[in-house]
Amino acid sequence: MVHIVLGSDLAPERAADPALAHLLSQGRGSLAFLLGNAACRLRLLGGGIHWDRVLLAFDGEQAVGFAAFKHGRRGPFGLHWRPFLREFGVLSGAVRFVGFCLSELREWRYPFLLYGLRVDKAARNHGVGSALVQACCAHAASLGFAHIELEVPLDNPRARRLYLHNGFALRRKRWVPFPPVRGMWRVLP
Ligand SMILES: CC(C)(COP(=O)(O)OP(=O)(O)OC[C@H]1O[C@@H](n2cnc3c(N)ncnc32)[C@H](O)[C@@H]1OP(=O)(O)O)[C@@H](O)C(=O)NCCC(=O)NCCS
């Protein structure tokens, strides 16, 4: 049985567990062309995680998944340019950092965005993803938001199905082909 905790409610020594930052940096794979692989994303983003924007699913002591969200112009990752320059050098680092900022900026139009969702491979198909989505909706509702939005990649039918089964509806197809995502939303009680 998993239990779900807001990252900022964890005891400080538990939140400092590198496994949690590692889990979170598995996300944003669609930005690998800017942010590199998961190990690279951990070096770029792992030091500036906003734990008040992350729900973690624990099976016992082990974190098996997360849902990250964004509201009030604050998402799970802080925008820090230094790690980008360290990782890629001045020119490439600056370009990649600006690209990442633009992708973050684009999402700020959503009042409450379900920014990322991931479950460890070994824990999938046991309801953890759905539990995280429901917990995220409950969290948004508790903060007074009337609806929750997300963007699902066009090539991820599994995630799209999961969201549909959890009360989300598809938005109309976008005119702009990039990024290749489809908007979804759900009204909150
Ligand atoms: C998408 C993802 C988060 C789903 O996580 P999950 O924990 O497998 O999700 P669930 O277990 O709640 O649901 C998956 C399927 O298992 C089924 N299921 C749920 N509980 C179950 C249980 N107790 N026993 C058997 N099957 C179960 C669900 O019916 C669902 O199938 P359906 O979508 O056809 O209805 C996971 O596959 C993942 O991390 N993928 C990679 C990252 C990703 O794609 N993220 C989404 C980005 S938008």
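Preceding this paragraph is the structure being described.
If you're wondering where the values come from, they're calculated on a predicted model, not measured in any experiment.

A. Representation of helix α6 (residues 90-106). With 17 residues, α6 ought to run about 24 Å at 1.5 Å a step, and its terminal C-alpha atoms sit 24 Å apart, in line with that. Turning to α6, its buried residues number three or more, namely Gly-93, Phe-97, Gly-99, Phe-100, Ser-103 and Glu-104. Along the axis of α6, the buried residues cluster in a sector spanning 160°; they form a single face. Away from the buried face of α6 by more than 90 degrees, exposed residues Val-90, Leu-91, Val-95 and Leu-102 are located.

B. View of the environment of Glu-87. Structurally, Glu-87 can be placed in helix α5 (residues 82-88). Separated by 71 residues in the primary sequence, Glu-87 and Arg-158 have C-alpha atoms spaced 33 Å apart. Setting aside residues up to four positions removed in sequence, Glu-87 forms contacts with Cys-40, Arg-43 and Leu-44.

C. Representation of the site of the ligand in the model. The environment of the ligand is made up of 18 residues, and the closest members are Asn-125, Gly-127, Ser-130, Asn-156 and His-165. A distance of 2.8 Å separates a nitrogen atom of the ligand from a polar atom in the backbone of Leu-117. Contacts to the ligand include Arg-124, whose side-chain N or O atom sits 3.4 Å from an oxygen atom. Relative to its free-state accessible area of 940 Å², the ligand is covered by the protein chains to the extent of 69%. One can see that the ligand is located within the largest pocket. Where the shell around the ligand is concerned, the elements lending two or more residues are β4 (112-119), α7 (128-142) and α8 (157-165). Considering each element in turn, the shell around the ligand owes the most residues, 6 residues, to α8. Residues that form the shell around the ligand fall into these classes: 7 nonpolar, 7 polar and 4 charged.

D. Looking closely at the side chain of Ser-25. Following the sequence through the fold, Ser-25 ends up in the loop between α2 (18-24) and α3 (32-35). A relative accessible area of 4% means that Ser-25 is categorised as buried.

E. Fine view of the nonpolar core. By size, the foremost hydrophobic cluster in this structure holds 28 residues, and its most contacted members are Leu-35, Leu-56 and Phe-100. Listing elements by their share of this core, those giving two or more residues are α2, α3, α4 (38-45), β2 (54-59), β3 (62-71), α6 and β4. Considering each element in turn, this core owes the most residues, 4 residues, to α2. Every residue in contact with Leu-56, bar those within four places of it in the chain, is listed here: His-3, Ile-4, Val-5, Gly-7, Leu-10, Leu-20, Leu-23, Trp-51, Gly-65, Phe-66 and Leu-132.

F. Main features of α4. Burial in α4 covers these residues: Cys-40, Arg-41, Leu-44 and Leu-45. Angular distribution of buried residues about the axis of α4 spans 110°; they occupy a single face of the element. Considering only its buried residues, α4 is in contact with α3, α5 and α6.

Cut-offs and rules
- Note on numbering: residues in each chain are counted from 1, in written sequence order.
- Whole-chain, interface and lining totals are the exception, using all residues; otherwise, since this is a predicted model, local features are given only for residues with pLDDT of at least 70 and side-chain atom pairs are given and counted only at 80 or more.
- The side-chain quantities take in all heavy atoms of the structure and omit both hydrogens and water.
- Runs of E in the DSSP output that reach at least two residues are strands. Runs of H or I that reach at least four are helices, and both are numbered from the N terminus.
- A helix's residues, less one, multiplied by 1.5 Å, set its expected span.
- A simple rule labels every residue: compare its accessible area, found with a 1.4 Å probe on the protein chains alone, to the largest value its type can have, and call it buried under 20%, exposed over 50%, or partly exposed in between.
- In this context, the arc is that of the directions from the helix axis out to the C-beta atoms.
- Here, residues are in contact when the closest pair of their heavy atoms is within 4.5 Å.
- To be near a molecule or strand, a residue needs just one of its heavy atoms within 4 Å of it.
- Each polar contact in these results corresponds to two N or O atoms within 3.5 Å; when the atoms are within protein, one needs to be able to donate a hydrogen and the other to accept it, and residues that are neighboring in sequence are counted only if both atoms are side-chain atoms.
- Here the open area of atoms and residues is found with the Shrake-Rupley method and a 1.4 Å probe, where only the protein chains shown may cover a residue.
- Only protein atoms enter the calculation, which uses a 1 Å grid: trapped sets of points that fit a 1.4 Å probe without letting it out are cavities, open sets showing protein on both sides within 12 Å along at least five of seven lines are pockets, and any residue with an atom within 4 Å of a point is a lining residue.
- Cavity and pocket membership follows a simple rule, namely that a molecule belongs there if more than half of its atoms are within 2 Å of the grid points.
- Under the scheme applied, nonpolar residues are Ala, Val, Leu, Ile, Met, Phe, Trp, Tyr, Cys and Pro; charged residues are Asp, Glu, Lys and Arg; polar residues are all the others, including Gly.
- Throughout this description, the term nonpolar core refers to a set of buried Ala, Val, Leu, Ile, Met, Phe, Trp, Tyr and Cys residues connected via side-chain atoms within 4.5 Å.

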